[in-house]
There are 2 protein chains.
Amino acid sequence: MYNKIMKHKTNVDIIDVAIHAGVSPATVSRSFNHPKKVLASTRKRIEKAILQTGYIRNRAAQAIQGKRSGTVGLIVPTLDNAIFSNLIQAFSDEIRKHGFTMLVTTHGYDLNDEYALLRSLLEHRVEGVALIGHDHSKDTYNLLERRSVPVVSMWSYKRNSKISCVGGENDQAGRAIAKHIINIGHSQIAVAFPNVKENDRARDRKNGVLKYLTENFIEVPDYWQVETAYSVQDARDSAAKMFEKYPCPTAVITGNDVIAQGFIYAAQAKGLNVPNDISVTGIGDFSSSASSFPSITTVRMRPKKVGTKAALVLLDRINGDREADPTRIKVSVEVKSRESTKSI
Amino acid sequence: MYNKIMKHKTNVDIIDVAIHAGVSPATVSRSFNHPKKVLASTRKRIEKAILQTGYIRNRAAQAIQGKRSGTVGLIVPTLDNAIFSNLIQAFSDEIRKHGFTMLVTTHGYDLNDEYALLRSLLEHRVEGVALIGHDHSKDTYNLLERRSVPVVSMWSYKRNSKISCVGGENDQAGRAIAKHIINIGHSQIAVAFPNVKENDRARDRKNGVLKYLTENFIEVPDYWQVETAYSVQDARDSAAKMFEKYPCPTAVITGNDVIAQGFIYAAQAKGLNVPNDISVTGIGDFSSSASSFPSITTVRMRPKKVGTKAALVLLDRINGDREADPTRIKVSVEVKSRESTKSI
DNA sequence: ACATTAAATGAAAACGTTTGCATTACTATT
DNA sequence: AATAGTAATGCAAACGTTTTCATTTAATGT
């Protein structure tokens, strides 16, 4: 029987539990990690000992074995608004279902910062990393490859991506919404996108929209090409400026639902009716977009599905299925026509 | 000079770095943790070695010493909407500024789940924990006390809380907004709150509102007391039902800005003008509340300030200042009168 | 009941750091 | 130039697990 001189310590460890249960630490460890390898009756005793001693296992000590840290890292541009929240929640729910805990960090759209965050995540020996999109610094990609960390990119599908990805095709989303707007008769079209530097999602969408418009012989004058940050307030301000200075288009295609919301508010504040006076579209289909008034015509990018699938892909990699790398899952995009647009 | 037979290993460790730099592992370690204790020139050499070897320190191995894990845990009800995002972003920014990484988990308003999450966070040996509000299970409080984990509760101030807290007084917020509504002449008032079970913030707000109304001889009939979940869609549905079946109040006081938004949309959808036909108020002042149209009259709870201050309080605890526990910081609440309300 | 095989458990080494103590290398003082 | 004092570094033990291998215990077939 395992024995040990009792030391006085504030925090119980696996050895205390072992003594309490009359087994060796090895057995306690096994009862956590390979329950079927220990006799049911022994496990019972161990569980009782755990309760009695108030033991909480130390994942750091576990992680040090070079095996499981039980964590995955998530790096997103921001938590500060609705953009990623549906996605994150879904991702988080799924990985937790599999016993992992999530380390989250934000870089505020600064890709150098993103690299630093990745390093810090790796210091914590996360078993996998999820990122947004495909614009990442050279250093980031190098590090990922060098350490061969399981990794998944969420939010946009890319045919020839180096790393696994789950998402829709953003250029297709752009084309689809542009097509929709043209189909319902608009030709006086403004567009509003964020700065597309270091942001492939926005860039692809914007390109998709503009190319489709051009192909259909619709010119968008400079003053109808608005750049705005990803916030309702910024979008609203930018929209107000446009409305004030320039002629009013019959439709505005925006880079996402948050920007669309800002444009709708600006229009309403100006006394315009959406969609009677002006149609506005978003991209993304966040959970509130169907609930607002008017509800927002947008392109469904299925954030929840992306989050869940991405978690699954990552989990597969973590569990050793490295052959299929990179796995690329295309999530279909689809225009959701709602109240914020109207045909003319 | 430190020496070691070179083993073949995929992942560089501190020993490899030490060899490379011609020093002992101890010195490398010190150059991370107590930089001033190592000669500048030595540090230079070590940094070079780190770069050359591609070393990434192992926080798990560090955490095992019983010292710093470099992480703090955050447990929130949900990430899925705007409610906590401003708060979380501020909290996250601040702790990161101090070199910590954040582990985030959500319990979906289930306090038993919260306890399980806390355990899992402690398994990862977070150095501190931040929670929302004061409604937590007995087990949660016990565990916190037993392990004497640095902890801070965010979002509501409580005079005699067991644990440190940073936030506004939710009952005062309720009273303040009720007072405002009465002051501008309303007496036909509906209220809309979420289920207040296991949610002290909502409960306090609701009590504050209802008590103030009662004190001022305003009765709220049952059909004007709406219960709704914290989502725009739910709120909108509940509002629509109320508008359909019952007489229309001149004002609705809601439990937070998300619910307010839902009511505003429902009213607009019904053809009502906010605020001319009906006034609507929220509580919280999320970042989009000032940007919407109409902008939302609400009670400013300063989520960013709360997040930042709470992080600071927690960091203080972590850095050994345990005497001042519990520290309670009251963040002033203040009615922000905006476009969604009008006097009659 | 006995031998054979399988299942359960224990002993001890390993994981990658940090840190107290011992030692060595500098600095300043006389 | 010798010495005391301090700063920088190295040595080795610890931290709390997991896992391989060896051993004991139980189960099976005859």
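The structure this text deals with has already been given above.
Residues numbered from 1 in each chain as written. Chains lettered and ligands numbered in written order. Predicted model: local features only at pLDDT ≥ 70, side-chain atom pairs only at ≥ 80, totals over all residues.

Participant: Explain the interface of chain A and chain B to me, using residue names and the numbers behind them.
Facilitator: Taken together, the contact between chain A and chain B spans 46 residues of the former and 47 residues of the latter. Residue classes in the side of chain A that touches chain B are distributed as 16 nonpolar, 21 polar and 9 charged. Pairing geometry for strand 2 (residues 101-106) of chain A and strand 2 (residues 101-106) of chain B, over 3 bridges, is antiparallel. Looking at strand 2 of chain B, one finds that V104 of chain A is bridged to M102 of chain B. (Contact = placed C-beta atoms within 7 Å. Nonpolar A, V, L, I, M, F, W, Y, C, P; charged D, E, K, R; others polar. Pairing = 2+ DSSP bridges. Helix = DSSP H or I, 4+ residues; strand = E, 2+ residues; numbered from the N terminus.)

Participant: Can you lay out helix 6 (residues 111-123) of chain A for me, pointing to particular residues and giving the numbers?
Facilitator: The terminal C-alpha atoms of helix 6 of chain A, which comprises 13 residues, lie 19 Å apart, in line with the 18 Å expected from a rise of 1.5 Å per residue. Here helix 6 of chain A has its buried residues at E114, Y115, L117, L118, S120 and L121 of chain A. As for helix 6 of chain A, its buried residues are in contact with strand 1 (71-76), strand 2, strand 3 (129-132) and helix 7 (138-147) of chain A together with strand 2 of chain B. Note on helix 6 of chain A: the residue one or two positions beyond its end, R125 of chain A, has a positive phi of about 55°. (Expected span 1.5 Å × (residues − 1). Buried ≥ 20, exposed ≤ 12 C-beta atoms within 10 Å, placed from the backbone.)

Participant: Report on the protein's contact with DNA strand C, specifying residues and quantitative values.
Facilitator: As a matter of local geometry, DNA strand C sits amid 31 residues, with S24 and T42 of chain A together with I14, A26 and S29 of chain B nearest to it. When contributions to the surface near DNA strand C are tallied by element, the ones reaching two or more residues are helix 2 (25-33) of chain A together with helix 1 (14-21), helix 2 (25-33) and helix 4 (59-63) of chain B. Of the residues forming the surface near DNA strand C, the biggest block, 6 residues, is contributed by helix 2 of chain B. Its residues placed into classes, the surface near DNA strand C shows 15 nonpolar, 11 polar and 5 charged. (Near = placed C-beta within 6 Å.)

Participant: Describe the nonpolar core, and please don't skip the residues or the numbers.
Facilitator: Counting 170 residues, the largest nonpolar core has F263 of chain A together with F263 of chain B as the members making the most contacts within it. Beyond its immediate sequence surroundings of up to four residues, F263 of chain A is in contact with A192, A235, A239, V252, T254 and V280 of chain A. (Core = buried A, V, L, I, M, F, W, Y, C linked by C-beta atoms within 7 Å.)

Participant: Provide a residue-level description of the packing of helix 1 of chain B against helix 3 (residues 40-53) of chain B, including the pertinent values.
Facilitator: Residue and element names in this part refer to chain B. Running from amino to carboxyl end, helix 1 crosses helix 3 at an angle of 120°, the nearest separation of the two axes being 8 Å. If you check the angle between helix 1 and helix 3, you find them oblique. In this structure, helix 1 crosses over helix 3, and the sense of that crossing is right-handed. Where helix 1 approaches helix 3, its residues D16, V17, H20 and A21 are matched on the opposing element by R45, I46, A49, I50, Q52 and T53. For the contact of helix 1 with helix 3, the residue count by class is 5 nonpolar, 3 polar and 2 charged. (Axes fitted to C-alpha atoms, helices over the stretch in contact; angles between N-to-C directions. Parallel < 35°, antiparallel > 145°, perpendicular 65-115°, else oblique. Left-handed = near helix turned anticlockwise from the far one by under 90°.)

Participant: Quick rundown of the sheet that holds strand 7 (residues 225-227) of chain A? Include the residues and the values.
Facilitator: All names here are of chain A. Ordered in space as 7-6-8-9, the 4 strands form an open sheet in which the pairing is parallel. Here the strands that pair on one side only, and so sit at the sheet edges, are strand 7 and strand 9 (279-281). Neighbouring strand axes in the sheet, compared pairwise and without regard to direction, differ in orientation by 15° on average. Here strand 6 (residues 189-193) runs beside strand 8 (residues 251-254); their pairing, made up of 4 bridges, is parallel. For A192, the partnering residue across the bridge sits in strand 8 and is T254. Its contacts with the sheet put helix 8 (residues 170-183) on strand 6, strand 8 and strand 9, and the angle it makes with strand 8 is roughly 170°.

Participant: I'd like to hear about unusual backbone geometry, residue by residue, with values.
Facilitator: With an omega dihedral of 20°, the bond running from V274 of chain A to P275 of chain A counts as a cis peptide bond. Summarising the element assignment, P275 of chain A is placed in the loop between helix 11 (257-269) and strand 9. In this model, Y109 of chain A sits at a positive phi of 65°, which is unusual for a non-glycine residue. Inspection of the secondary structure puts Y109 of chain A in the loop between strand 2 and helix 6. For Y109 of chain A, a count of 19 C-beta atoms within 10 Å translates into the label partly exposed. In this model, R302 of chain B sits at a positive phi of 55°, which is unusual for a non-glycine residue. Along the chain, the position of R302 of chain B falls in the loop between strand 10 (298-300) and helix 12 (303-318). Exposure remark for R302 of chain B: the 21 C-beta atoms within 10 Å place this residue in the buried category.

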